[in-house]
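Residue-level listing of the chains:
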Amino acid sequence: MAAMRLDSLTQSKQPADNVLGIWDGHDAGACLVANQNILVAINEERLSRRKLEIGFPKLSILAALEQAGLNPAEITAVAISTTDPAKTLSRSFPALKENYYQLRRRKCDKPFFLTARRNCKSLLTALPAFSFGEKISRQSIRADLCKLGFAKSTPIIFYDHHDSHLASALYTSGYSECAVLSLDGVGDGISGKAWDVRNQEIKKITQINACNSLGLFYEYATTLLNMRELEDEGKVMALACYGVPQASNPLKEFFVIEDLNVQAKYPGFSLYRQLEKLFWKTPIEQFAWMVQDAVEYHVLKLIRNLLKFTKQANLALAGGVFANVKLNLLIRELPEVERLWIFPHMGDGGLAAGSALLAAGQGTTARNQQQMTNPFLGTNIGAPPAISTIKKIADLILQDEIIFWCTGAMEYGPRALGARSIIARPDSTKVRDDLNMKLKKRVWYQPFCPTLLANDAHQLLENYYGEESLFMTSAYRVKSNADLKLAGVMHIDGTCRPQIIAEERVDHPFFPLLKELRRLSGYAVILNTSLNIHGEPVVASTEDAFKAYHESDLRYMLCGNQLHVKE
């Protein structure tokens with residue numbers, strides 16, 4: 001049955017000037033939007049030093065206000081998403097969040113909480129948002145805001161979980177007309193939603209019930225593989241490349257896509273039970289391949305149906321499902337997709353930005369539609385290095401040294417994009433393995449990523465169409481004659497997840513280094529991974545950087561504009 005068009009988004013309030021967006025769930029954070037543009041965006045983990053922090057983002061709010069030079073009295077509205085029963089309950093009883101956090105990150109083994117964890121997804125998929133959820137949540141959020149100096153009269157606006165995801169994609173895409181799709185595990189009782197945007201109007205065209213969640217399907221598989229859900233799905237994707245492709249995949253039968261409707265054969269938590277039955281008799285790499293293959297098959301079908309229904313060629317995406325860069329590669333290659341935009345912080349960590357952008361625009365596309373091109377929205381630690389320092393770092397990289405690189409404003413999102421990075425040469429498997437053994441301690445099947453300039457992307461990548469790719473949101477295929485040049489950053493299936501910088505982007509922190517490497521070696525490419533010790537968040541401050549530096553076996557660190565060397 002064809003999906004029906006729903007009513008346009010309500011535009012009952014005037015756009016706000018200075019909006020503070022808050023997300024207080026998994027990967028909590030804050031975002032400041034002024035004049036409908038993102039000024040500052042920070043996630044709490046970077047400041048609390050607990051990976052994927054959960055709870056009210058006090059530190060992020062204070063840091064964002066300081067970075068923007070604003071005080072609480074200058075905030076005209078606070079925007080926040082999600083009022084489902086579980087979120088409302090945890091706002092009233094914050095200890096529940098902490099218990100969930102400890103359990104999800106495998107830091108406790110309490111029988112009561114194991115039982116609660118087993119039943120939690122059933123609750124989330126069975127119950128939608130309810131009428132008292134917003135009222136109860138408002139009281140809890142207002143109390144926390146008042147402790148930070150906000151007035152009791154500051155407006156607090158609640159938005160639907162998936163509307164916030166969709167807004168983050170739409171309002172940063174630069175598209176005046178497009179289809180917008182959100183897919184994740186569950187939020188406010190649903191797992192996905194789509195908009196059709198044209199003629200300065202947003203129309204909701206479908207939503208997917210949480211019982212039919214492709215995101216939870218992948219999350220359950222992650223749990224069965226003894227990995228952390230909401231954290232290690234990227235490892236499942238990487239492991240899948242070691243499975244053997246097969247003509248028949250029984251997991252494809254777990255879902256049916258008809259028009260814009262998704263129907264699970266085993267709704268809710270029964271999906272986990274059915275996956276568990278198959279998991280125990282399947283090698284883990286083959287199980288991972290089957291899960292990845294099934295998700296790719298169904299999401300691609302859903303997107304093709306969406307573009308056919310909306311008659312759109314531009315596509316904007318958000319939600320945790322689109323953290324899967326191998327899936328995003330296939331979406332890019334669909335003939336129906338003319339232009340693709342994936343919000344850089346596509347998971348729940350981006351909800352603060354989405355809700356703030358919604359409050360700033362109030363459901364209208366009559367705004368300055370420019371694609372987001374600035375990843376550096378966090379706290380700042382100093383001026384860029386001098387050219388002489390850049391030349392020394394380039395020489396060290398070609399001598400097989402691994403460098404801590406910490407300068408300028410921190411990146412927004414889960415990727416290292418040029419401000420808080422560890423860098424090395426990209427063509428050496430020995431350097432890659434040294435980095436992993438000494439510092440990163442990744443699982444053996446998880447690759448590192450490259451950063452390169454656009455002209456080199458033309459030479460090294462198979463399916464590169466000339467676009468800048470600043471945010472590492474998609475995989476690309478490596479040309480067969482270029483595999484040695486990218487040996488340290490290429491996965492076993494011949495793909496990589498690159499950051500591609502335009503030749504004219506001279507303001508990017510990596511630009512002078514890449515130009516110098518091209519002069520010395522012929523190619524403007526580096527291995528680029530996040531600056532953190534294994535199991536910790538990416539560093540935010542100079543103190544964090546020096547702590548990681550002294551705990552590591554590495555000799556060199558750029559911090560601000562100074563190159564530090566251990567004797």
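Our structure's up above, just so we're on the same page.
Counting from 1, residues in each chain are numbered in the order their sequence is written. In keeping with the model being predicted, local features are shown solely for residues with a pLDDT of at least 70 and side-chain atom pairs are shown and tallied solely at 80 or more, while totals for entire chains, interfaces and linings include all residues. With hydrogens and water stripped out, all remaining heavy atoms of the structure feed into the side-chain values.

Engineer: So what exactly am I meant to see when it comes to the overall build of the protein chain here?
Structural biologist: Check the secondary structure of the protein chain and you find 18 helices and 23 strands. Here the radius of gyration uses the C-alpha set of atoms, whereas the globule reference equals 2.2 Å times the residue count to the power 0.38. Since a compact globule built from 567 residues should have a radius of gyration of about 24 Å, the 23 Å found for the protein chain is in line with a globular shape. Oriented by its inertia axes, the alpha-carbon framework of the protein chain measures out at about 60 × 60 × 55 Å. Residues classed as buried in the protein chain amount to 60% of the 567 residues present. Here, two residues are considered to be in contact whenever any of their heavy atoms come within 4.5 Å of each other. For the protein chain, the proportion of contacts with a sequence separation of at least 24, taken over those separated by at least 6, is 72%. Strands are runs of DSSP state E lasting at least two residues, helices are runs of H or I lasting at least four, and both sets are numbered from the N terminus onward. The rule is simple: take the accessible area with a 1.4 Å probe, protein chains only, and divide by the maximum for that residue type; under 20% is buried, over 50% is exposed, in between is partly exposed.

Engineer: Teacher, can you tell me more about the state of the cysteines here?
Structural biologist: Simply put, the disulfide is a covalent bond whose two ends are the sulfur atoms of two cysteines. We call a pair of cysteine sulfur atoms a disulfide whenever their separation is within 2.5 Å. Applying the stated criterion to the full structure yields zero disulfides. Of all cysteine sulfurs in the structure, the one in C31 sits closest to C178, which takes part in no disulfide; the separation is 19 Å.

Engineer: Help me understand unusual backbone geometry, please; the structure alone is not making it clear to me.
Structural biologist: Both trends apply: most residues other than glycine have a negative phi, and most peptide bonds are in trans. Its identity is not glycine, yet D27 carries a phi of approximately 60 degrees, on the positive side. Structurally, D27 is set in the loop between β1 (18–23) and β2 (29–34). For D27, a relative accessible area of 8% corresponds to the buried category. Despite not being glycine, N226 has its phi angle at roughly 60 degrees, a positive value. Among the structural elements, N226 can be located in the loop between α8 (214–224) and α9 (233–240). Taking relative accessible area as the criterion, N226 reaches 62% and is therefore assigned exposed.

Engineer: Please explain the sheet that holds strand β8 (residues 201–209) as it appears in this structure.
Structural biologist: As a general point, the strands of a sheet are linked pairwise by backbone hydrogen bonds and lie either parallel or antiparallel. Read across the open sheet, the five strands follow the order β8-β7-β6-β11-β12; overall the sheet is mixed. Bordering the open sheet on either side are β8 and β12 (339–342), each of which pairs with just one other strand. Going across the sheet, the axis of each strand differs from the next one's by a mean of 15 degrees, ignoring polarity. Judged from the four bridges that link them, strand β6 (residues 178–187) and strand β11 (residues 314–318) form a sheet pairing that is parallel. Counterpart to L181 in the pairing with β11 is L317. Whether two strands pair comes down to DSSP finding at least two bridges between them. Interaxial angles span 0 to 180 degrees and are taken between N-to-C directions of axes, which are lines fitted to C-alpha atoms, for helices over the stretch in contact.

Engineer: Please clarify how the environment of L181 should be interpreted in this entry.
Structural biologist: Turning to its location among the elements, L181 is positioned in strand β6. Residue L181 is classed as buried on the basis of its relative accessible area of 3%. Taking the C-alpha atoms as reference, L181 lies 28 Å from G494; in sequence the two are 313 residues apart. Leave out the neighbours within four places in its chain, and L181 touches L166, K193, A194, L302, I303, L306, A316, L317, A318 and F322.

Engineer: For this particular structure, what's the right way to read the sheet that holds strand β22 (residues 556–559)?
Structural biologist: What the seven strands build is an open sheet, ordered β20-β17-β21-β16-β14-β22-β23; its pairing is mixed. Of all strands in the sheet, those bounded by a partner on one side alone are β20 (499–501) and β23 (562–565). If you compare each strand with its neighbour and ignore which way they point, the axes differ by 25 degrees on average. Where strand β17 (residues 449–453) lies against β20, three bridges are found, and the strand directions are parallel. Looking at the pairing, L452 lines up with I500 of β20. Helix-sheet contacts for helix α17 (residues 511–521) involve β14 (403–406), β16 (420–424), β17, β20 and β21 (525–530), and the interaxial angle to β17 is about 80 degrees. Contacting β14, β22 and β23, helix α18 (residues 542–551) crosses the sheet at an angle of about 180 degrees to β22.

Engineer: Looking at this model, I keep getting lost on a nonpolar patch on the surface. Mind explaining?
Structural biologist: Taken together, the side chains of L89, F93 and L96 present a nonpolar region at the surface, about 280 Å² in accessible area. Looking at the secondary structure, you find L96 in helix α4 (residues 94–104). Overall, L96 belongs to the partly exposed group, its relative accessible area being 37%. Patch criteria: residues need more than 30% relative accessible area and no salt bridge. Like-charged residues are merged within 9 Å; nonpolar side chains of Val, Leu, Ile, Met, Phe, Trp and Tyr are merged within 5 Å. Note on areas: these come from Shrake-Rupley sampling with a 1.4 Å probe, and a residue is covered only by the protein chains present in the view. Whenever a carboxyl oxygen of Asp or Glu lies within 4 Å of a side-chain nitrogen of Lys or Arg, that contact is scored as a salt bridge.

Engineer: Explain the packing of helix α11 (residues 284–310) against helix α12 (residues 325–332) here, please?
Structural biologist: Between two packed helices, what matters for the description is the angle formed by their axes and the separation of those axes. Contact pair α11 / α12: the axes reach a minimum separation of 10 Å and the direction vectors enclose 35 degrees. Note that α11 runs across α12; the crossing there is right-handed. Packed against α11, whose contacting residues are Q292, V295, E296, V299, L300 and I303, the element α12 presents K326, L327, L330 and I331 at the interface. Only Asp, Glu, Lys and Arg are considered charged in this grouping, and only Ala, Val, Leu, Ile, Met, Phe, Trp, Tyr, Cys and Pro are considered nonpolar; every other residue, Gly among them, is considered polar. The residue makeup of the contact of α11 with α12, split by class, is seven nonpolar, one polar and two charged. It is the rotation of the near helix from the far one that decides the hand of a crossing: anticlockwise by less than a right angle makes it left-handed, clockwise makes it right-handed.

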